[in-house]
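Each chain is listed here by its residues.
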Amino acid sequence: TQSPPERALYKQTYVNTMMMFLPAIMKVAPQISKTVAHETIVLGPGFTFAIDIDGFGRAIIFKQVGSSWKTVEDIEPDFVIEFRDLDYAFDVFAGTISLKEALAARLFATHGPNSKGVAITYLFNAVLQTFFCWRSAYRK
């Protein structure tokens, strides 16, 4: 049997930190980014989505409340972005690759209605671009 790969402590720390800040970022993002505000409206009131990292035991569920997002627990989200591995989440959060490149490379899976998948992808990409624009993958 093969043991699971070692995870660099800096990647674990970085992703944990990003997941800690993501709720605050999602709360203010619609007020800062027109794209995030538009996609929030497209998704509709009460829409829920999760960011999950497979094998990492860390997921966040967001619910649209008014024109913003808040975190919630113990509900089944309408849509999930599930990174297949901690390394892939790190690459996207660190700006090594864009969300679009990660999607094309199948570094994450999505679960939920396709009609909402495009809006969620645009929303999450706009959040990353707005708050992490200094990173190479998100520069315009």
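Higher on the page you've got the structure.
The paragraphs below set out a description of the structure included in this document. Since the structure is predicted, the reported quantities are computational estimates derived from the model, not experimental observations. (Residues numbered from 1 in each chain as written. Predicted model: local features only at pLDDT ≥ 70, side-chain atom pairs only at ≥ 80, totals over all residues. Heavy atoms only, no water.)

Counting residues in each nonpolar core, the largest one holds 38 residues, and the members touching the most others are Phe49, Ile51, Phe83, Phe93 and Phe124. Among the elements that take part in this core, helix 5 (residues 114–131) stands out by supplying eight residues, more than any other. Setting aside residues no more than four positions away along its own chain, Phe124 makes contact with Leu22, Ile51, Ile81, Phe83, Phe93 and Leu99. (Core = buried A, V, L, I, M, F, W, Y, C linked by side-chain atoms within 4.5 Å. Buried < 20%, exposed > 50% of the residue type's maximum accessible area, 1.4 Å probe, protein only. Helix = DSSP H or I, 4+ residues; strand = E, 2+ residues; numbered from the N terminus. Contact = heavy atoms within 4.5 Å.)

Once that is clear, we can look at the packing of aromatic side chains. Summed over the entire model, instances satisfying the criterion amount to seven aromatic pairs. With a centroid separation of 5.3 Å and an interplanar angle of 75°, the aromatic rings of Tyr14 and Phe90 are classed as edge-to-face. Separated by 76 residues along the polypeptide, Tyr14 in helix 1 (residues 9–32) and Phe90 in helix 3 (residues 86–93) bring together distant segments of the chain. Overall, Tyr14 belongs to the partly exposed group, its relative accessible area being 21%. (Phe/Tyr/Trp six-rings, centres within 6.5 Å; stacked < 30°, edge-to-face > 60°.)

Glancing now at unusual backbone geometry. Positive phi outside glycine occurs at Asp74, with the angle close to 60°. Relative to the elements of secondary structure, Asp74 occurs in the loop between strand 3 (68–72) and strand 4 (79–83). For Asp74, a relative accessible area of 78% corresponds to the exposed category.

Another aspect to go through is the packing of helix 1 against helix 5. It is at 10 Å that the axes of helix 1 and helix 5 come closest, and there the two elements cross at 90°. By the angle between their axes, helix 1 is roughly perpendicular relative to helix 5. Residue-level inspection shows Leu22, Ile25, Met26, Val28, Ala29 and Ile32 of helix 1 in contact with helix 5, the latter providing Leu123, Phe124, Val127, Thr130 and Phe131. A breakdown of the residues in the contact of helix 1 with helix 5 according to their chemical character gives 10 nonpolar, one polar and no charged. (Axes fitted to C-alpha atoms, helices over the stretch in contact; angles between N-to-C directions. Parallel < 35°, antiparallel > 145°, perpendicular 65-115°, else oblique. Nonpolar A, V, L, I, M, F, W, Y, C, P; charged D, E, K, R; others polar.)

Structurally, Ser68 is set in strand 3. The exposure class assigned to Ser68 is buried, which follows from its relative accessible area of 14%. A distance of 2.7 Å separates the side chain of Ser68 from the backbone oxygen of Lys27, its partner in a polar contact. Setting aside residues up to four positions removed in sequence, Ser68 forms contacts with Met26, Lys27, Pro30 and Lys63. (Polar contact = N/O pair within 3.5 Å; in protein donor to acceptor, adjacent residues only side chain to side chain.)

So, about the sheet that holds strand 4. On the basis of which strands lie adjacent, the open sheet formed by five strands has the order 3-2-1-4-5 and mixed pairing. Bordering the open sheet on either side are strand 3 and strand 5 (108–111), each of which pairs with just one other strand. Neighbour-to-neighbour, the strand axes of this sheet turn through a mean angle of 20°, independent of strand direction. Two strands pair when backbone bridges link them, and strand 2 (residues 58–65) and strand 3 are joined in this way by five bridges, in the antiparallel orientation. In the sheet register, Ile61 faces strand 3, and the bridge partner there is Val72. Across the sheet, helix 5 is in contact with strand 1 (48–53), strand 3 and strand 4; its angle to strand 4 comes to roughly 55°. (Pairing = 2+ DSSP bridges.)

Bringing the environment of Val65 into the picture now. With respect to the helices and strands, Val65 occurs in strand 2. Expressed as a C-alpha distance, the spacing of Val65 and Ile81, which sit 16 residues apart in the sequence, is 20 Å.

Here the focus is helix 3. Among the residues of helix 3, those classed as buried are Leu86, Ala89, Phe90, Val92 and Phe93. End-on view of helix 3: buried residues confined to an arc of 165°, all on one side of the axis. Packing partners of the buried residues in helix 3 comprise helix 1, strand 1, strand 4, helix 4 (99–104) and helix 5. Its side-chain oxygen 2.9 Å from the backbone nitrogen of Asp87, Asp85 forms the N-cap of helix 3. Looking at the residues trailing helix 3, positive phi occurs at Gly95, about 85°. (Arc of directions from axis to C-beta.)

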